[in-house]
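Architecture and fold: a report
Spelled out, the chains give:
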Amino acid sequence: MRRPMRPVAPQKDGPLANEDINSPEVQLIDAEGVNQGVMRTRDAIALAQESGLDVVLIAPNSAPPVAKLLDLGRFKYAAQKKAAEARKKQKVIEVKEIQLRPNIDTHDYETKMKAVHRFLDDGDRVKVTMRFRGREMAHQDIGMGLLLKVRDELEGKAKVESSPRSEGRQMVMVLAPK
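Described in the following lines is the structure provided in the data block. (Residues numbered from 1 in each chain as written. Predicted model: local features only at pLDDT ≥ 70, side-chain atom pairs only at ≥ 80, totals over all residues. Heavy atoms only, no water.)

**Focus on helix H3 (residues 106-121)**
Over its 16 residues, H3 runs 22 Å from end to end, which matches the ideal 22 Å to within 8%, given 1.5 Å per residue. Of all the positions in H3, only Tyr 109, Met 113, Ala 115, Val 116, Phe 119 and Leu 120 are classed as buried. For H3, the buried positions fall inside an angular range of 155 degrees around the axis, keeping them on one side. Facing away from the buried side of H3 by more than 90 degrees, the exposed set consists of His 107, Lys 114 and Asp 121. Buried positions along H3 lie against strand S5 (95-100), strand S6 (125-131), helix H4 (140-153), strand S7 (158-167) and strand S8 (170-177). Note on H3: the residue one or two positions beyond its end, Gly 123, has a positive phi of about 90 degrees. (Helix = DSSP H or I, 4+ residues; strand = E, 2+ residues; numbered from the N terminus. Expected span 1.5 Å × (residues − 1). Buried < 20%, exposed > 50% of the residue type's maximum accessible area, 1.4 Å probe, protein only. Arc of directions from axis to C-beta. Contact = heavy atoms within 4.5 Å.)

Quick look at the structure:
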């Protein structure tokens, strides 16, 4: 016989506050930051309700747990803003790819190199791919020479993350900004 499904209580995010605190005693810090000492959790909640604030666990793993009197809504809002600011400041490094052919003309090569310089200036990694088609496979030394020329030209600006290696009909080299 199957048991009926009981609804699962929703998980609360953030620190424990007020009636959610299951410790009998807490080390209380008031709204001004003054240590009030160890007191019973019920007394701390009553004190918080008098002043219109919440008791929030700051250090739940200490003995006794440290709680502070503060406005829980304002505390969560500040934490949310701080996390958003941290997300905004982080840079996602992308891998940009430049494809070359062994018999590339000088102007086309210079155009590709401008793009590589721009990618490295933006802080992205660059994957330089040399594609071989048909009879070009017999002259892989030309492609290797071109990849080494790219590496030497970018020596002051980029470090070689993976040196040129052959993968089937193409050669691949990865550069990262210094």
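Having seen the model, we can carry on.
**Concerning the sheet that holds strand S3 (residues 54-59)**
Ordered by their spatial adjacency, four strands build an open sheet running S2-S1-S4-S3, and the pairing between neighbours is mixed. Taken across any chain shown, the strands that pair with only one partner, and hence form the sheet edges, are strand S2 (35-40) and S3. Averaged over all pairs of adjacent strands, the angle between their axes in this sheet comes to 35 degrees, without regard to strand direction. Pairing of strand S1 (residues 25-29) with strand S4 (residues 66-70), which is carried by three bridges, proceeds in the parallel orientation. Following the sheet pairing, Gln 27 is matched in S4 by Val 66. Contacts from helix H1 (residues 41-51) reach S1, S2, S3 and S4, with the element oriented near 125 degrees to S2. (Pairing = 2+ DSSP bridges. Axes fitted to C-alpha atoms, helices over the stretch in contact; angles between N-to-C directions.)

**Quick word on the environment of Lys 112**
Locating Lys 112 in the fold gives a position in helix H3. Given a relative accessible area of 30%, Lys 112 falls into the partly exposed group. Apart from the residues lying within four places of it in its own chain, the contact partners of Lys 112 are Ile 98, Gln 99, Leu 100 and Ile 104.

**Concerning the pattern of salt bridges**
Summed over the entire model, instances satisfying the criterion amount to eight salt bridges. Notably, a salt bridge pairs Lys 88 with Glu 85, separated by 3.8 Å at the nearest N-O pair. Residue Lys 88 and its partner Glu 85 are both found in helix H2 (residues 72-89); the two are separated by three residues, about one turn of the helix. What makes Glu 85 partly exposed here is its relative accessible area of 36%. (Salt bridge = Lys/Arg side-chain N within 4 Å of Asp/Glu carboxyl O.)

**Points about the side chain of Ser 23**
Its place among the elements puts Ser 23 in the segment before S1. Within polar-contact distance, the side chain of Ser 23 engages the backbone oxygen of Glu 25 at 2.8 Å. Sequence-distant contacts of Ser 23, that is, excluding residues within four places in its chain, are made with Thr 41 and Pro 65. (Polar contact = N/O pair within 3.5 Å; in protein donor to acceptor, adjacent residues only side chain to side chain.)

**A closer look at the sheet that holds S7**
The four strands are arranged S5-S6-S8-S7 in an open sheet whose pairing can be described as mixed. Among the strands making up the open sheet, the edge pair consists of S5 and S7. Between one strand axis and the next, the sheet turns through 15 degrees on average, direction left out of account. In this sheet, S8 lies alongside S6 in antiparallel orientation, the contact comprising six bridges. Following the sheet pairing, Val 126 is matched in S8 by Leu 175. Together, S5, S6, S7 and S8 form the strand contacts of H3, whose direction differs from that of S5 by roughly 170 degrees.

**Observations regarding H1**
Those residues of H1 that sit buried are Thr 41, Ala 44, Ile 45 and Ala 48. The buried residues of H1 occupy an angular sector of 100 degrees when the element is viewed end-on, so they sit on one face. Opposite the packed face of H1, turned more than 90 degrees from it, sit the exposed residues Arg 42 and Glu 50. For H1, the secondary structure elements touched by its buried residues are S1, S2, S3 and S4. Directly beyond the C-terminal end of H1, a positive phi value near 75 degrees is found at Gly 52.

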